[in-house]
Each structure stands twice: as structure tokens, then as C-alpha cells.
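# Notes for the structure review
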2 protein chains.
Amino acid sequence: MPETPCLLIDVPTMNANISAMAEVAKRNRVAWRPHAKTHKIPDIAKAQLMAGASGITVAKISEAEVMAEHGIEDIFVAYPLVVEAKIERAVRLSQRIRLIVGTDSFEGARRLSETAGRHDHVLQVRLEIDTGMKRTGVEYDKAVELALLIHGLPNVRLSGIFTFRGAMLDGKPTLDLEKAGKEEGELMVRLAEAMRAEGIPIADVSVGSTPTGAYAAEVKGVTEIRPGTFVFNDRMQAKFGVCSLDDCAAVIQATVVSRPSERHAVIDGGSKTFATDVQPHTSPLNLVGFGHILEAPDAVLERFSEEHGIIRLEPHHTLAVGDIVHIIPNHVCSTLNLHNYVYLVDGPSIEKVAVQARGMLE
Amino acid sequence: MPETPCLLIDVPTMNANISAMAEVAKRNRVAWRPHAKTHKIPDIAKAQLMAGASGITVAKISEAEVMAEHGIEDIFVAYPLVVEAKIERAVRLSQRIRLIVGTDSFEGARRLSETAGRHDHVLQVRLEIDTGMKRTGVEYDKAVELALLIHGLPNVRLSGIFTFRGAMLDGKPTLDLEKAGKEEGELMVRLAEAMRAEGIPIADVSVGSTPTGAYAAEVKGVTEIRPGTFVFNDRMQAKFGVCSLDDCAAVIQATVVSRPSERHAVIDGGSKTFATDVQPHTSPLNLVGFGHILEAPDAVLERFSEEHGIIRLEPHHTLAVGDIVHIIPNHVCSTLNLHNYVYLVDGPSIEKVAVQARGMLE
């Protein structure tokens, strides 16, 4: 058994999650380009490709480089690259594999075209659209105008549009995933048609996250979904109703190191073991605590220090010093990102695997 | 210049912070055993030892191993080790360097003694006391009784007591650091005396964090302080009044990748670049946003996705695509923990340094 704290991944559950998403894509006849941010492990990306994924999505050129180094040959960097040194790296990579990069501004696209031009190269790009999340993405009403400008640049080929909206409706987090996913798909299909009417050959309409992907995929005209979290699932997705807690493949294994009072126990994992970006009691999910403790489902993982997880107990809980617990984290993507290694558990077999694209910030 | 996002450390500021804490210890004639959780870099630990630190503190046996491998020979693992495999590692390390380990329960201490005994070894231990934080640490009123039991064990030598309280008073976060630090010191000195009255030779009374260390050090009978964050300082400590923003040695360097509207810009760092454990608007600090943007001090780093930082802007802000910004994080310890490398900046020189003890979870 690995020492605690560590992240265990149950391989049969992961494989079932991959098969289920492959089936969603197949049923709706859309391409499926899973986001590798959740696992950051080339072998898991390959398992997704074997199951029918058309390629993968990443957020960083550095992640794309790691994935390409391990044999992945179709990668979408769903992020605006605006720094020349990074665009240079994208051009180099694009000369070896099929690479698509994101853009959401004329300035960014101009830089892509200029740098690609210096290498006599044409970069394939997709324009990111803001469909309500208000982070990156051109504002919806300005998208056709910007697409025309980008279409006119010599060394980029605008082949598609993409959005990330997560579970949002009218600018607010929602639990109505069907409505959110449908609306996301419809907004994007309508926009693609408006662009085509202007003579821009938009081939790819790429949408969909783990909560909304299955609904967005049903919209006629959507060509691709890019869910990431589904590969492991997590407590947040279970609360969304996208999966059950039994479908969560990744758990933190921790040890009770202290039981200083009747009302609390402490485990050897805190904010350097579990991500804290999905806080308890945040609307609309209103999660109680930072994780679901399999051995004490009604106990609350209430507070973290960096290396301490403080569990609030009721009198019936028996957790004692030395006990091992398994905890489904609120958000698996950012939790896995804290770990240099994970353990793939397949029945009696346990394999230690490096998270090879972790910490590839630059 | 390194690619963004990355963590830059200004070496002169760091050195000044180290000197200032050395001076606090010297003035109060206490030992100073800085917590290495903040930097996780052996060379910075060595700089602290050169400046007069008596040893270092870590939270994990794995961190102690990395530090020892790089020549650090006096290490306190301020954490209860309760798993046999880890205690075995502690015994082995303790045969090579001066090692002290924490304990806070009879069960834990019994395991330490038993494992050490199998190797004909005696482990030096300190008993952790809860002085109000309610995480690890024996309850204050039960500490003497437990100390007697541990003192009776054959293969541990109980040489001291320690506590971590941070900035707490009456179980609540406080801004009255002087009162908090003094009370922390006084509680511990009184307890040490009670233990000595029972015949336990308590030599070390170890207290103090970055916010309270300077005050706790003034209490007669306190022998050691263990601050960590001071080496870099951060926005939380500046808000506490322990330092100014100019004393913050560590900043995230990021690039504006999108300026989709007048009211917001997006940088290439999110919750995988900045820690989210110190949330905005948490009592008593009530920090606005996730960091202090040096180039736009009144703009708010309002939201994160994993790789996006969303900055809320006022009309007078001019941030444009490609601009570089520098951001003092709310909590530097957990932020640094996200980075495989940091950059030490000393005037014109920039050195890339691995965070060697990062991710040493197990």
C-alpha cells in the first residue's frame, strides 16, 4: 500500500466513465475531444483515444508538448496564446502533429499569424466565444465581426468556434443542466451559421463540459464536445447529478493522525493535498465540507491547514489514530494537480504513475 | 525572462526578511527554527541557518528526507507520525542527523517508542499542545497527564512541547497579534513548568508563527520560535500588519491573455497557479480578491478557473493583451506549493531553482 496521503484511481471505474462518454458522443454523432487538464497523464489520454476520442484538449502549450512527446498527435490548445515565445513553440509543434490553438482577440490572432508567417506556416485556429461565463472569449455580439477580421489574416486558418460555459444560465451557476447545455449548443450553432453566411467556412462547433456535454451534444449542428472531469468524476459532479458517488474513480487515501477530542479528528492531508477552489456552501451546489469521507459519510471535512484536514465528528463516529480513510474530493482536476504521482488501482494491482504534465505552467 | 505564469522571488527582499527574523530571535534570546513549508528549497533553508537559525521545521518525514539529503542536519518534524513505515523512516534519519518528531497522543507515542525500540534507538520527541486552534495537539488540560505517560515510554525522549496557534484568541481569528502571541507564550511556559514539577525535564518550549512569533518570543521561558511565511511574506501577512507589501519577496508574474470587455481582463494563471486556501472576504482579514496586482493595485483579482484569473477593472485601467503583471498572492506557502520551479531574481540575475521538497506528500 502506498503511504498516505495519496491519490488512488480505480481503473475499472475510470474505464466505465470513459466508455460512457464515448457512448454519449457516438449516440449524438459528435466528435469527442476530452480535456486532459483533469488527468495530465499521457497514458490516460491514450486510453481515451482508444475508446474513440478524436483528439485531446489542453490548456497550455507546455501540456501539449508533453502529450505530443508521448505520442498524442491531435491536440487542441483551448486557450488564447498571445506571447511570441509560446506561439513559436506552437508553430514548431504544429509542424509535427495536428495542432489547433485558441484565440479570442484580433491582437492575439494577429500575433499568431505574424509568427506563423515568419515560418511560412499556417496555424489552425478556433475562435473562443463567451456564452455567459465572462472569462476569456469574445463577446457573443462581436464574434462575427472579429471572425471576419481573423479570416482575413494570411497565416491562420479559422476552422471553428468553441466555448466553455460550465453549468451557467443567464450569467449565474445553475442546476438546470439540460437547459444550460441546450442553450449553449444553440447559441454556438446559430453563431456558426451567421459566420458561414459571411463566407467563413466554420467546420467545428465545439462546446460542452462534463455537466452540460451530454445535453449540448444533442443540439443539431454541434460537432464536438470537450468534457474533462468525467474521466474520474468528483463530488461536485455527483452533486450536479451527472454521476453518482460510486462513479467517482479518484479518492484521496489519508491516515487519521490525531483524535484530540470527541468532536474532531485530523487527517494527514490539507490544502496541499486537496484543492480548495470549490469551497463548501458555494451556490448552487452548497457542498458540505471539502470531501465525502467513504468511511464516515456523515462526518464533515470542515477545515484545512496546509497538511491537516480537520474532520468534525458526531458521537457515533469511531475514527481512531492510524485509521485509513478514503475521500472523494470536491474538485478532482485541481486536486490531482497537487500530486506528482497517482496510484492506478486495478483489483489487486497498484501502479504508481507520474502526473507527467503537472506543473507545466509556462 | 521566464515564460508566464511563474513565481519570482526577489532575493534582496528575502534576505532582508531572513535578517529581520534572525534579529527578533537574537534580541529575545530564543532559538529560531524556521518552518521550511513556505519555500521547500534546501538552499533557502541553508541561508536561514547561515543567518543564525538553529535548525529547521518541516511537516513531513519526506520533506525532512529531502532536506537531509541536501545537508541539513537539525530538523524538527512538527507533525504527529503515527504510521509504522514513516516511523521507520524517522528512526533511520534520526541515526544520521539530529531529528525531533512531534506527537500528540499516547497511541502515537507508543508506536514511536515501539518502532524505535526495535532498532535499539531512542527518538527525541516533542508533545504538541492545542492552545486554541483545534487541529492537532493534545487538549491543554490533559497535557501534563499525557506527558507523564510519554515520559514513561522506554524509547522516546520527551524533550519539549510545541504549539501552533497562528493568530487566534479565544478560538477565533484575531488581529490583536500582541495579545495573541503573549498569551500563546504564557500558556506554554506555564504548562512546561507544570510538567517540570512532575519531574519531566522539558527543555524546549516552541511556539510562534509569522504573525505572533515576535510577541511570543518576548515571553520569559519561551525557548524557540518557528515562523515560516516571513521568509517571503505575503498579502495575508501584510494585512495582519506584520510586514508591508514592499516586504513581500514572492510575486506571480502573469500575462494578460484576454481583454474581452471594458470591465474585465484575464491572466494566464488561475487556481493551478495561485492557492485558493485564503479566500477573499474571510474574517478577520477581509482581503479583497486573490492577490495584489502591482501594476493595478485597485483592480480586483476576482475569480479563478484552473488556468484563468479574471480581473475586474474600472474604466481607468489600461491592461491590454500581452501586458505583464506581477501579483502578490494571498498565501504564499500554498501558492509556491503549486510550482515545480521558482525564479530567484537578484538585480539583473535570474536563476531557475527547483522546489525540491514540493509534492513530497507521502
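What you are looking at is a predicted structure, and each value in this text was computed from that prediction instead of being measured.

### Comments concerning the relation of the copies chain A and chain B
For the pair chain A and chain B, the relating rotation is 180°, the translation along its axis is 0.0 Å, and the fit reaches an RMSD of 0.0 Å. The symmetry that links the two subunits is that of a two-fold axis. Every residue of chain A has its C-alpha some distance from the rotation axis, and the shortest such distance is that of Thr 276 of chain A, at 2.8 Å. Taken together, the interface assignments show that 100% of the residues at the interface of chain A recur at the interface of chain B, consistent with an identical surface on both copies.

### Things to note about the pairing of strand S4 (residues 74-80) of chain B
Residues and elements named next belong to chain B. Where burial is concerned, most of S4 is hidden: seven out of the seven residues are buried. One ladder, built from three bridges, connects strand S3 (residues 56-58) with S4; its direction is parallel. Bridge pairing links Thr 57 to Phe 76 in S4. The parallel pair S3 and S4 is bridged by helix H3 (residues 61-69), and the resulting crossover is right-handed. In this structure, S4 lies alongside strand S5 (residues 98-103), joined through five bridges in parallel fashion. Note that in S5 the partner of Val 77 across the bridge is Val 101. Running through helix H4 (residues 84-94), the crossover from S4 to the neighbouring parallel element S5 is right-handed.

### Digging into the interface of chain A and chain B
With 63 residues of chain A in contact, the opposing surface of chain B contributes 63 residues. For the pairing of chain A and chain B, the buried interface totals around 5100 Å² over both sides, and the portion due to carbon and sulfur atoms is 49%. Put simply, chain A and chain B have six salt bridges between them. Note that Glu 306 of chain B and Lys 37 of chain A form a salt bridge whose closest N and O atoms lie 2.7 Å from each other. For the side of chain A that touches chain B, the secondary structure elements donating two or more residues are strand S4 (74-80), helix H4 (84-94), helix H5 (106-118), strand S13 (250-261), strand S14 (264-267) and helix H10 (332-336) of chain A. No other element matches the six residues that S13 of chain A contributes to the side of chain A that touches chain B. Within the side of chain A that touches chain B, the residues separate by chemical class into 20 nonpolar, 22 polar and 21 charged.

### Examining unusual backbone geometry
With omega at -5°, the peptide bond leading from Thr 4 of chain A into Pro 5 of chain A counts as cis. As for its position among the elements, Pro 5 of chain A is in the segment before strand S1 (6-10). At Asn 233 of chain A, a position not held by glycine, the phi torsion is positive, near 65°. The backbone of Asp 170 of chain B sits at a positive phi, close to 50°, despite the residue not being glycine.

### Overview of the UniProt feature "domain: D-serine dehydratase-like" (unreviewed entry) in chain A
If you check UniProt for "domain: D-serine dehydratase-like" (unreviewed entry), the listed places come out as residues 249-346 of chain A in our numbering. From the first C-alpha to the last, residues 249-346 of chain A spans 11 Å; its make-up is 5% helix and 41% strand.

### Structural notes on the environment of Lys 40 of chain B
All names here are of chain B. Mapping Lys 40 onto the fold places it in the loop between strand S2 (31-32) and helix H2 (42-50). Placed 297 residues apart in sequence, Lys 40 and Asn 337 show a C-alpha to C-alpha distance of 8.1 Å. Looking at Lys 40, its side chain comes within polar contact range of the side chain of Glu 63, at 3.0 Å.

### A short note on the domain arrangement of chain A
Residues and elements named next belong to chain A. If you check the domain split of chain A, you get domain 1 (12-228) and domain 2 (245-330). Tallying the contact residues gives six residues for domain 1 and seven residues for domain 2. Both faces considered, domain 1 and domain 2 share a buried interface measuring about 410 Å² in area, 70% of it formed by carbon and sulfur atoms. Per-residue buried area on domain 1 facing domain 2 is highest for Thr 13, Pro 173 and Leu 175; these three make up 73% of the total on that side. Where domain 1 meets domain 2, there are zero salt bridges. Put simply, domain 1 and domain 2 have one residue pair in polar contact (both at pLDDT 80 or more) between them. Here the side of domain 1 that touches domain 2 gets three residues from one element, more than from any other, and that element is helix H1 (residues 11-28). Along the lines of polarity and charge, the residues of the side of domain 1 that touches domain 2 split into three nonpolar, three polar and no charged.

### Things to note about the packing of H3 of chain B against H4 of chain B
Residue and element names in this part refer to chain B. Put simply, H3 and H4 touch, their axes get as near as 10 Å, and they point 25° apart. On the basis of the axis angle, H3 is roughly parallel to H4. Crossing hand, H3 versus H4: left-handed. Across the interface between the two elements, Ile 61, Ser 62, Ala 64, Glu 65 and Ala 68 from H3 touch Lys 86, Arg 89, Ala 90 and Leu 93 from H4. In the contact of H3 with H4, the residues fall into five nonpolar, one polar and three charged.

### Things to note about the packing of helix H6 (residues 143-151) of chain A against helix H7 (residues 177-197) of chain A
Residues and elements named next belong to chain A. Two elements in contact, H6 and H7, have axes whose closest approach is 10 Å; the angle formed by their N-to-C orientations is 45°. Relative to H7, H6 is oriented oblique. The handedness of the crossing between H6 and H7 is right-handed. Together, Ala 143, Val 144 and Ala 147 of H6 and Leu 191, Ala 194 and Met 195 of H7 make up the contact between the two elements. Partitioning the contact of H6 with H7 into residue classes produces six nonpolar, no polar and no charged.

### Quick notes on the packing of aromatic side chains
Within this structure, the stated rule accounts for eight aromatic pairs over all chains. Note on Phe 274 of chain B and Phe 304 of chain B: the rings are 5.2 Å apart at their centroids and 20° apart in plane angle, and the pair reads as stacked. Here the residue Phe 274 of chain B occupies a position in the loop between strand S14 (264-267) and strand S15 (291-293), and Phe 304 of chain B occupies one in strand S16 (residues 300-304), the gap between them amounting to 30 residues. Both residues of the pair, Phe 274 of chain B and Phe 304 of chain B, count as buried. Linked through ring pairs, Phe 274, Phe 290 and Phe 304 of chain A together constitute an aromatic cluster. One Lys or Arg, Lys 352 of chain A, reaches over the ring of Tyr 341 of chain A and ends 4.4 Å from the middle of that ring. Of note, Lys 60 of chain B hangs over the ring of Tyr 79 of chain B, and the distance from its end group to the ring centre comes to 5.9 Å.

Parameters and conventions
Residues numbered from 1 in each chain as written. Chains lettered and ligands numbered in written order. Predicted model: local features only at pLDDT ≥ 70, side-chain atom pairs only at ≥ 80, totals over all residues. Heavy atoms only, no water. Least-squares fit on C-alpha atoms with pLDDT ≥ 70 in both. Contact = heavy atoms within 4.5 Å. Buried < 20%, exposed > 50% of the residue type's maximum accessible area, 1.4 Å probe, protein only. Helix = DSSP H or I, 4+ residues; strand = E, 2+ residues; numbered from the N terminus. Pairing = 2+ DSSP bridges. Right-handed = clockwise from strand over helix to strand, strands pointing away. Buried area = accessible area lost by both parts, 1.4 Å probe. Salt bridge = Lys/Arg side-chain N within 4 Å of Asp/Glu carboxyl O. Nonpolar A, V, L, I, M, F, W, Y, C, P; charged D, E, K, R; others polar. UniProt positions renumbered as here; feature names shortened; annotations may be inferred. Polar contact = N/O pair within 3.5 Å; in protein donor to acceptor, adjacent residues only side chain to side chain. Domains from an automatic or database assignment. Axes fitted to C-alpha atoms, helices over the stretch in contact; angles between N-to-C directions. Parallel < 35°, antiparallel > 145°, perpendicular 65-115°, else oblique. Left-handed = near helix turned anticlockwise from the far one by under 90°. Phe/Tyr/Trp six-rings, centres within 6.5 Å; stacked < 30°, edge-to-face > 60°. Lys NZ or Arg CZ within 6 Å of the ring centre and 35° of its normal.

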